[in-house]
Amino acid sequence: MGTTYDSHADLGGSTGHGPIEHEPEGVVFHHGWEARALALTLAAGAPGGWNIDMSRSARETLPDYAELSYYEIWTSALERLVVEHGLVTPAELAAGTASEPGDPARRVLTADQVADALARGGPADRPPDGPARFTVGDRVLTRAGSVDHHPRLPGYAAGRAGTIERVHGAHVFPDANAHGLGEQPHWLYTVVFEATDLWPDAVPGQRVSIDAWEPYLSPAEPVS
Amino acid sequence: MGHGHDHDDDHSELDPMDVRVRALETLLTDKGYVDPAALDELIDTYQTRVGPRNGAQVVARSWVDPEFLAWLAGDATAAIGSLGFVGRQGEHMVAVEQTDATHHLVVCTLCSCYPWPVLGLPPTWYKSAPYRSRVVRDPRGVLAEFGVTVRDDVEVRVWDSTAEVRYLVIPQRPAGTDGWTEEQLAELVTRDSMIGVGLPLDPAAVT
């Protein structure tokens, strides 16, 4: 963890990104390499041993994130992860050739294991280490200000008052898990905001929710 | 190089990204860390087997079976799992039902979270800055761009998928479908209607 953490992926509410380019159902990849990049990323997680929060952190901190297409982001992040987690050396990555054999102790995803691995997925729920602090209907205030690590609290919803709508149980805490600090599970809630509490000029009759871990939240006064 | 995989673009030999991804695949394969056959299997899974037709089955079942709809509302992961749709990026499912009072739609402003087992891989627009940035701020405007008009007295509700919970929108069953089979109904259910940026197809248009 450094003293600053620059995510380029926190886009909610920002402007100037141009029109939405809709595509019909059934378009999955635009180039063969996109499919290979997706599959490589999924498969390399087995020997690499990184978790989903580390992957997201590797992507969102790419300095040229805004200029890259989606699978360019995945490819650049994968190149980072394979070096950071010791699968290849920087020299091997630059040369594109292996200078020494891999570590046979690392796990490899084989073709016959794919279906089971996908079906198993990676559940994020964990046994809670204590009771939930909040219950449905409670008013809460979200954490304000910047943090020095991978966050999952969108900027537009930081420092805002909302209402607990659902309690999801304890889930792996990305803020710690992304940095190799362990899972540190915390209670996870759906917090819903009136759009007018997020943006003063919002049209009434719109609400936005996020899923937020307990450390993001503090009690707020009930709405009078 | 050369694991015999297909490339569907016309200029693959000239595309720097193609070269880069091939090089990484070759390197990881040569180190013994990646099984190219596993890559083929992963791609085939999401290109041919796991996609929005899965979600359409879930929705169609909910339209004909009130107990299943209630199960979806109470424990969507289990209800969806009962149809065989489980696993990666669908470990913790929540189903939200469109009503006359509320129109739901789903986004991931921070990355590209999306319920893979029921909808497959997300479309490019869902993962791109224009949708992610605008839909939380101007959902009615975004819906209008998708051709969906929501009456002023209907609340618009945006679900930003910021954790590992994945959201599936259950659209309203179109009128004029009395007596339709589940299979027929599933044909009306579009991907966009399960994200909340579209509506089911008009029954008159498919009969």
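Right above here is the structure, for reference.
Summarised in this report is the structure supplied together with it. Please read all numbers here as calculations on a predicted model, not as lab measurements.

**Details of the overall build of chain B**
Part 1 of the argument: Counting its secondary structure elements, chain B contains twelve helices and four strands.
Part 2 of the argument: Buried residues in chain B amount to 53% of all 207 residues.
Part 3 of the argument: The contacts of chain B with a sequence gap of at least 6 include a subset with a gap of at least 24, amounting to 69%.

**Section: the overall build of chain A**
Part 1 of the argument: Secondary structure summary: chain A contains seven helices and six strands in total.
Part 2 of the argument: The buried share of chain A, taken over its 224 residues, is 40%.
Part 3 of the argument: A separation of at least 24 residues holds for 67% of the contacts in chain A among residues at least 6 apart in sequence.

**What about the interface of chain A and chain B?**
Part 1 of the argument: Contact with chain A, which involves 75 residues of that partner, is made by 74 residues of chain B.
Part 2 of the argument: Secondary-structure elements contributing two or more residues to the side of chain A that touches chain B are α1 (32–48), α2 (52–60), α3 (70–84), α5 (114–120), β3 (161–171) and β5 (206–213) of chain A.
Part 3 of the argument: The dominant element in the side of chain A that touches chain B, judged by the number of residues it contributes, is α1(A), at eleven residues.
Part 4 of the argument: Broken down by class, the residue content of the side of chain A that touches chain B amounts to 38 nonpolar, 21 polar and 16 charged.
Part 5 of the argument: Pairing of β5(A) with strand β3 (residues 155–160) of chain B, which is carried by four bridges, proceeds in the parallel orientation. Bridging from a neighbouring strand, A:Arg207 pairs with B:Arg157 of β3(B).

**Considerations on the pairing of strand β1 (residues 92–97) of chain B**
All names here are of chain B.
Part 1 of the argument: Of all the six residues making up β1, five are buried; the element is thus mostly covered by neighbouring parts of the structure.
Part 2 of the argument: Two strands pair when backbone bridges link them, and β1 and strand β4 (residues 165–170) are joined in this way by six bridges, in the parallel orientation. Along β4, the bridge assignment pairs Val 94 with Tyr 167.

**Regarding the packing of α1(A) against helix α2 (residues 36–49) of chain B**
Part 1 of the argument: Between α1(A) and α2(B), the shortest axis-to-axis distance is 9 Å and the interhelical angle comes to 115°. The angle between α1(A) and α2(B) places the two elements in the roughly perpendicular class. Crossing handedness for the pair α1(A) and α2(B): right-handed. Along its contact with α1(A), which presents A:Ala35, A:Arg36, A:Ala39, A:Leu40, A:Leu42 and A:Ala43, the element α2(B) presents B:Ala38, B:Leu39, B:Leu42 and B:Ile43.
Part 2 of the argument: Residue classes in the contact of α1(A) with α2(B) are distributed as nine nonpolar, no polar and one charged.

**Re the nonpolar core**
As a rule of thumb, soluble globular proteins bury nonpolar side chains together.
Part 1 of the argument: Counting residues in hydrophobic clusters, the biggest one holds 108 residues, and the most contacted among them are A:Leu40, A:Ala43 and B:Leu168.
Part 2 of the argument: In terms of residue count, the dominant contributor to this core is α1(A) (nine residues).
Part 3 of the argument: With residues near it in sequence (within four places) discarded, B:Leu168 still touches B:Gly55, B:Val58, B:Ala76, B:Met93, B:Ala95, B:Pro115, B:Val118 and B:Met194.

**So, α2(B)**
In an α-helix, one turn spans 3.6 residues, which is why side chains three or four residues apart end up on the same side.
Part 1 of the argument: Over its 14 residues, α2(B) extends 19 Å from the first C-alpha to the last, a length consistent with the 20 Å expected when each residue adds 1.5 Å.
Part 2 of the argument: Each element contacted by the buried residues of α2(B) is listed here: α1 and α5 of chain A.

**Some details on helix α3 (residues 52–64) of chain B**
Residue and element names in this part refer to chain B.
Part 1 of the argument: Spanning 13 residues, α3 covers 19 Å between terminal C-alpha atoms, matching the ideal 18 Å at 1.5 Å per step.
Part 2 of the argument: Burial within α3 is extensive, with eleven of its 13 residues counted as buried.
Part 3 of the argument: Looking at α3, one finds that the buried residues are Pro 52, Asn 54, Gly 55, Ala 56, Gln 57, Val 58, Val 59, Ala 60, Arg 61, Ser 62 and Trp 63.
Part 4 of the argument: Against α4 (66–74), α5 (76–81), α6 (116–119), β4, α10 (182–186) and α11 (191–195) lie the buried residues of α3.

**Some points on the packing of α3(A) against helix α1 (residues 16–30) of chain B**
Part 1 of the argument: Interaxial distance between α3(A) and α1(B) falls to 11 Å at its minimum, and their mutual angle equals 30°. Helix-helix and strand crossings are classified by hand; for α3(A) and α1(B) the assignment is left-handed. Facing A:Glu72, A:Thr75, A:Leu78, A:Glu79 and A:Val82 of α3(A), the residues of α1(B) in contact are B:Met17, B:Arg20, B:Val21, B:Leu24 and B:Leu28.
Part 2 of the argument: A class-by-class count of the residues in the contact of α3(A) with α1(B) yields six nonpolar, one polar and three charged.

**Quick word on the environment of B:Arg88**
Part 1 of the argument: Here B:Arg88 shows up in the loop between α5 and β1.
Part 2 of the argument: B:Arg88 sits 28 residues away from B:Trp116 along the chain, and the two C-alpha atoms are 6.9 Å apart.
Part 3 of the argument: Sequence-distant contacts of B:Arg88, defined by excluding residues within four places in its chain, comprise A:Leu118, A:Gly121, A:Gly122 and B:Trp116.

**Some remarks on the pairing of β3(A)**
Residues and elements named next belong to chain A.
Part 1 of the argument: Sheet analysis places strand β1 (residues 125–126) next to β3, joined by two bridges and oriented antiparallel. In the strand pairing of β3, Arg 126 is matched with Ala 170.
Part 2 of the argument: As paired elements, strand β2 (residues 139–142) and β3 share three bridges and run antiparallel to each other. Bridging across to β3, Arg 139 finds its partner in Thr 163.
Part 3 of the argument: Of the pairings in the sheet, the one linking β3 to strand β4 (residues 186–194) comprises seven bridges and is antiparallel in character. Bridge assignment links His 171 to a residue of β4, and that residue is His 186.

Thresholds applied
Residues numbered from 1 in each chain as written. Chains lettered and ligands numbered in written order. Predicted model: local features only at pLDDT ≥ 70, side-chain atom pairs only at ≥ 80, totals over all residues. Helix = DSSP H or I, 4+ residues; strand = E, 2+ residues; numbered from the N terminus. Buried ≥ 20, exposed ≤ 12 C-beta atoms within 10 Å, placed from the backbone. Contact = placed C-beta atoms within 7 Å. Nonpolar A, V, L, I, M, F, W, Y, C, P; charged D, E, K, R; others polar. Pairing = 2+ DSSP bridges. Axes fitted to C-alpha atoms, helices over the stretch in contact; angles between N-to-C directions. Parallel < 35°, antiparallel > 145°, perpendicular 65-115°, else oblique. Left-handed = near helix turned anticlockwise from the far one by under 90°. Core = buried A, V, L, I, M, F, W, Y, C linked by C-beta atoms within 7 Å. Expected span 1.5 Å × (residues − 1).

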